[in-house]
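In case you want the letters, here they are:
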Amino acid sequence: MRKPVFAGNWKMFKTPTEAAGFLHDFAPLVASSNRSEIVICPPFIAVPIAVDAARGSNIAIGAQDVFWLKEGAYTGEVSATMLAAAGCSWVIVGHSERRQYFGETDESVFKKTVAALDAGLTPIVCVGERLEEREAGMTENVLSTQFAGGLAGLTPDQFAKIVMAYEPVWAIGTGRTATPEIAGEAHRFLRDQVRSRFGDQTCQSCRILYGGSVKPDNIKGLMAQPDLDGALVGGASLDPAALAAIVNF
Ligand code: PEP
């Protein structure tokens, strides 16, 4: 009932030419995969060429961040309207690297999510605990705080259009994947948060992706968890064959 999503987050990797080359190699590898949605999120500068290269395929293009205002004197920022006009249909919001290095807060996550929705983009809203928070037994506390500040203020109609991603910060780019059981437990907890705020129907239809060192050899175990609806993939998404193996797990 919930269509899985596999989204590649390229972070600050690949030039426009490299992005076009990736899509040229990747598209045929996933051409017959129709059980999932496939999204590639290149750096802003490579969005237009990626949109061109993905045209006519089953691959959608997203951005890695967005600003919440439409336009104005905000040097370096890109609005949701601009992303939509450039051909993006998805955007990652609240990635832990944005939270950690660029001052992203639950409040800015909320504003960015609303702006993305207003422009017709599907936001992938990331939440996740840091290692010291997990070790201090604060995982549920962190997740419920991020949910309350970043997502609970959406209307039910708005919430129905977003995708969540559980990304334990200690598993991102570290090669240390959460076990399927740890991921499954966090996903269950997040789904319960959705149920409490938005009701059972929305809870059943809401897609929650896992992110954190997803690789071809661990995706099957993760996807066996009933509350896990796909993956947000960083490092492994840079390689067409690896990402295709994840999508076609
Ligand atoms: C990410 O960037 O969202 C991510 C999960 O990275 P990695 O797969 O490299 O851990």
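Structure shown above.
Residues numbered from 1 in each chain as written. Predicted model: local features only at pLDDT ≥ 70, side-chain atom pairs only at ≥ 80, totals over all residues. Heavy atoms only, no water.

## Considerations on the packing of aromatic side chains
Okay, step 1: A full pass over the atoms with the stated rule returns 10 aromatic pairs.
Okay, step 2: Geometrically, the ring pair formed by F67 and Y74 is tilted, given 5.1 Å between the ring centres and 45° between the ring planes.
Okay, step 3: On the basis of relative accessible area, Y74 is assigned to the partly exposed category, the value being 38%.
Okay, step 4: Plain terms: the ring middles of F147 and F159 are 6.1 Å apart, the flat faces sit at 70° to each other, and that makes the pair edge-to-face. Of this pair, F147 sits in helix α7 (residues 139–150) while F159 sits in helix α8 (residues 156–159), and the two are 12 residues apart along the sequence.
Okay, step 5: Residue F147 is classed as buried on the basis of its relative accessible area of 2%.
Okay, step 6: Grouped by ring-pair contacts, the aromatic residues W10, F22 and F26 constitute a single cluster.
Okay, step 7: Here R35 stacks its cationic end above the ring of F249, 4.3 Å away from the centre of that ring.
Okay, step 8: A cation over an aromatic ring shows up here: R197 above the ring of F198, its NZ or CZ 4.3 Å from the ring centre. (Phe/Tyr/Trp six-rings, centres within 6.5 Å; stacked < 30°, edge-to-face > 60°. Buried < 20%, exposed > 50% of the residue type's maximum accessible area, 1.4 Å probe, protein only. Helix = DSSP H or I, 4+ residues; strand = E, 2+ residues; numbered from the N terminus. Lys NZ or Arg CZ within 6 Å of the ring centre and 35° of its normal.)

## Some thoughts on the site of the ligand
Okay, step 1: Near the ligand, the surroundings consist of 14 residues, among which K11, E167, G173, S213 and G235 are the closest.
Okay, step 2: The side chain of N9 places a nitrogen or oxygen atom 3.0 Å from an oxygen atom of the ligand.
Okay, step 3: At 2.8 Å from an oxygen atom of the ligand is found a side-chain nitrogen or oxygen belonging to K11.
Okay, step 4: Alone, the ligand offers 290 Å² of accessible surface; in the complex the protein occludes 98% of this. (Near = heavy atom within 4 Å. Polar contact = N/O pair within 3.5 Å; in protein donor to acceptor, adjacent residues only side chain to side chain. Areas by Shrake-Rupley, 256 points an atom, 1.4 Å probe, with all protein chains shown as cover.)

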